Amino acid sequence: MEHVVSRYAKKSAPKPSFADRLQRWLPKIVLAPTMLVTVVCIYGYIFWTAALSLTNSRFLPSFNFAGFTQYEKLMENDRWITSITNLGIFGLLFMLVAIGLGVGLAILLDQNIRQEGAIRTIYLYPMALSFIVTGTAWKWILNPGLGIEKLMQDWGFTNFEFDWLVNSDMSVYTLVIAAVWQSSGFVMAMFLAGLRGIDSSIIKAAQIDGANLPTIYVKIILPCLRPVFFSAVIITSHIAIKSFDLVTAMTAGGPGYSSDLPALFMYAHSFTRGQIGLGAASAMMMLAGILAILVPYLYSELREKKS
């Protein structure tokens with residue numbers, strides 16, 4: 001009897017109208033172009049670059065399979081070794097200083113100081129600028145004939161020197177200065193949001209137990225911000241690895257190749273030197289560097305959620 005009733009109900013159920021079907025498919029239709037562009041222009045070009053890195057392509061793409069020849073040439077290229085060394089120096093200093101400064105500024109603003117909104121805006125303003133603008137501005141500031149050195153000498157300090165921009169041993173450190181100025185405010189905003197999300201009752205309980213403010217931040221609050229630290233490391237490392245416009249505007253990799261970075265190396269060999277295969281290999285090495293940082297982070301996050 002129940003079987004007969006269910007069959008009758010199915011037959012008598014009204015068919016969904018066109019408006020109902022459109023409402024059900026509308027989100028998929030709206031998201032389809034974005035998904036298509038993402039698949040083709042991001043993941044498609046990643047696989048395309050990986051394929052080119054395994055060929056002997058020069059001025060134009062070639063489909064002659066050459067194995068890992070381009071990667072061998074890459075490891076024997078002195079400019080690539082220099083760019084990797086510079087990336088290690090630049091990336092490590094940039095991450096440490098930007099995160100350290102961001103944490104310090106966030107703790108400062110977390111004390112409910114006066115004019116917090118204005119100060120936060122001032123700290124965040126550099127992030128609104130492009131790296132091209134930042135690089136150009138700092139190029140003027142650090143230029144020995146225009147910037148800090150000339151200003152100090154005009155004030156009477158004739159022996160003052162600050163020629164890092166034209167000094168091959170120090171030029172990579174000028175990139176650190178500009179990048180920290182650009183990104184530390186963003187890191188501050190991340191940590192400030194994390195600090196404001198911590199339950200104030202924890203802080204009050206620690207104060208009742210006699211803990212002073214530095215101890216509370218070091219032993220209680222900052223350990224609670226471990227996910228924010230991970231996010232800051234991921235973001236700053238990604239900025240460091242893909243830095244191109246900042247280097248181009250500020251030093252153009254010079255003097256010589258003393259401030260060269262992998263992104264500039266990739267662009268130069270792919271588009272100005274006619275070595276597409278070698279440039280593609282360097283791009284895949286940069287991607288591998290990002291994945292080496294991102295995959296362990298995602299693994300740890302997923303593992304914590306499962307546990």
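Conventions and cut-offs
- Residues numbered from 1 in each chain as written.
- Predicted model: local features only at pLDDT ≥ 70, side-chain atom pairs only at ≥ 80, totals over all residues.
- Heavy atoms only, no water.
- Helix = DSSP H or I, 4+ residues; strand = E, 2+ residues; numbered from the N terminus.
- Phe/Tyr/Trp six-rings, centres within 6.5 Å; stacked < 30°, edge-to-face > 60°.
- Buried < 20%, exposed > 50% of the residue type's maximum accessible area, 1.4 Å probe, protein only.
- Core = buried A, V, L, I, M, F, W, Y, C linked by side-chain atoms within 4.5 Å.
- Contact = heavy atoms within 4.5 Å.
- Expected span 1.5 Å × (residues − 1).
- Arc of directions from axis to C-beta.
- 1 Å grid on protein atoms, 1.4 Å probe; cavity = no way out; pocket = protein on both sides within 12 Å on 5 of 7 lines; lining within 4 Å.
- Points joined across faces, edges and corners; volume = space filled by probe spheres on them.
- Nonpolar A, V, L, I, M, F, W, Y, C, P; charged D, E, K, R; others polar.
- Salt bridge = Lys/Arg side-chain N within 4 Å of Asp/Glu carboxyl O.

Visitor: How would you summarise unusual backbone geometry if you had to cite specific residues and measurements?
Guide: Following glycine 254, the chain continues into proline 255 via a peptide bond in cis, with omega recorded as -5°. Mapped onto the elements of the fold, proline 255 is located in the loop between helix H12 (245-250) and helix H13 (262-272). One non-glycine residue with positive phi stands out, namely alanine 252, at about 55°. Of note, alanine 252 is situated in the loop between H12 and H13.

Visitor: Residue-level account of the packing of aromatic side chains, with values.
Guide: Scanning all chains against the criterion turns up 10 aromatic pairs. Summarising the aromatic geometry, the rings of phenylalanine 68 and tyrosine 71 are spaced 5.8 Å apart at their centres and angled 55° between planes, so their arrangement reads as tilted. Its relative accessible area of 17% is what places tyrosine 71 among the buried residues. Taken together, the aromatic side chains of Phe162, Trp164 and Tyr173 make up a single cluster linked through ring pairs.

Visitor: If you had to explain the nonpolar core to someone new, which residues and values would you point to?
Guide: Ranked by internal contacts, the top residues of the largest apolar core, which has 25 residues, are Phe90, Phe94, Leu142, Leu175, Leu246, Met250 and Leu261. Take this core: its biggest share by element is 6 residues, from helix H8 (residues 171-196). Sequence-distant contacts of leucine 246, that is, excluding residues within four places in its chain, are made with Phe131, Thr134, Gly135, Leu175, Ala178 and Ala179. Val103, Tyr217, Ile221 and Leu225 belong to the second-largest nonpolar core, a separate cluster that totals 20 residues.

Visitor: An account of helix H10 (residues 213-224) is requested, with residue identities and associated values reported.
Guide: For H10, built from 12 residues, the straight-helix expectation of 16 Å at 1.5 Å per residue is met to within 8% by its first-to-last C-alpha distance of 15 Å. Along H10, the residues classified as buried are Ile216, Tyr217, Ile221 and Leu222. The buried residues of H10 occupy an angular sector of 135° when the element is viewed end-on, so they sit on one face. For H10, exposure combined with an orientation more than 90 degrees from the buried face picks out Val218 and Lys219. Next to the buried residues of H10 lie helix H4 (78-109), H8, helix H9 (200-208) and helix H11 (226-241).

Visitor: Go over the layout of surface pockets with me, naming the residues and quoting the values.
Guide: Counted as a void, the largest pocket has a volume near 420 Å³. Lining the largest pocket are 18 residues; nearest its centre among them are Lys242, Ala283, Met286, Leu287 and Ile290. Contributing elements (two or more residues each) for the lining of the largest pocket: helix H2 (18-52), H11, H13 and helix H14 (276-306). The element contributing the most residues to the lining of the largest pocket is H14, with 7 residues. Classifying every residue of the lining of the largest pocket by side-chain character gives 15 nonpolar, 2 polar and 1 charged. Space inside the second largest pocket adds up to approximately 230 Å³. Trp48, Thr49, Leu52, Pro61, Met266, Ser270, Phe271, Ile276, Gly279, Ala280 and Ala283 are the residues that line the second largest pocket. Of all the elements in the fold, those that place two or more residues in the lining of the second largest pocket are H2, H13 and H14. With 4 residues, the single largest contributor to the lining of the second largest pocket is H14. Looking at side-chain class alone, the lining of the second largest pocket contains 8 nonpolar, 3 polar and no charged residues.

Visitor: A description of the pattern of salt bridges should follow, citing residues and the corresponding values.
Guide: Applying the stated criterion across every chain, the model contains 3 salt bridges. In this structure, arginine 196 engages aspartate 110 in a salt bridge whose closest nitrogen and oxygen atoms are separated by 3.0 Å. Pair noted here: arginine 196 is in helix H8 and aspartate 110 is in the loop between H4 and helix H5 (116-124), with a separation of 86 residues, a long-range link. Judged by relative accessible area, which is 15%, aspartate 110 ranks as buried.

Visitor: Kindly report on the environment of tyrosine 71, identifying the contributing residues and their values.
Guide: With respect to the helices and strands, tyrosine 71 occurs in helix H3 (residues 69-75). Along the sequence, tyrosine 71 and serine 200 sit 129 residues apart, while their C-alpha atoms lie 53 Å from each other. Among residues more than four places away in sequence, those in contact with tyrosine 71 are Ser53, Leu54, Ala281, Met284 and Met285.

Shape descriptors only; they carry no functional weight alone.
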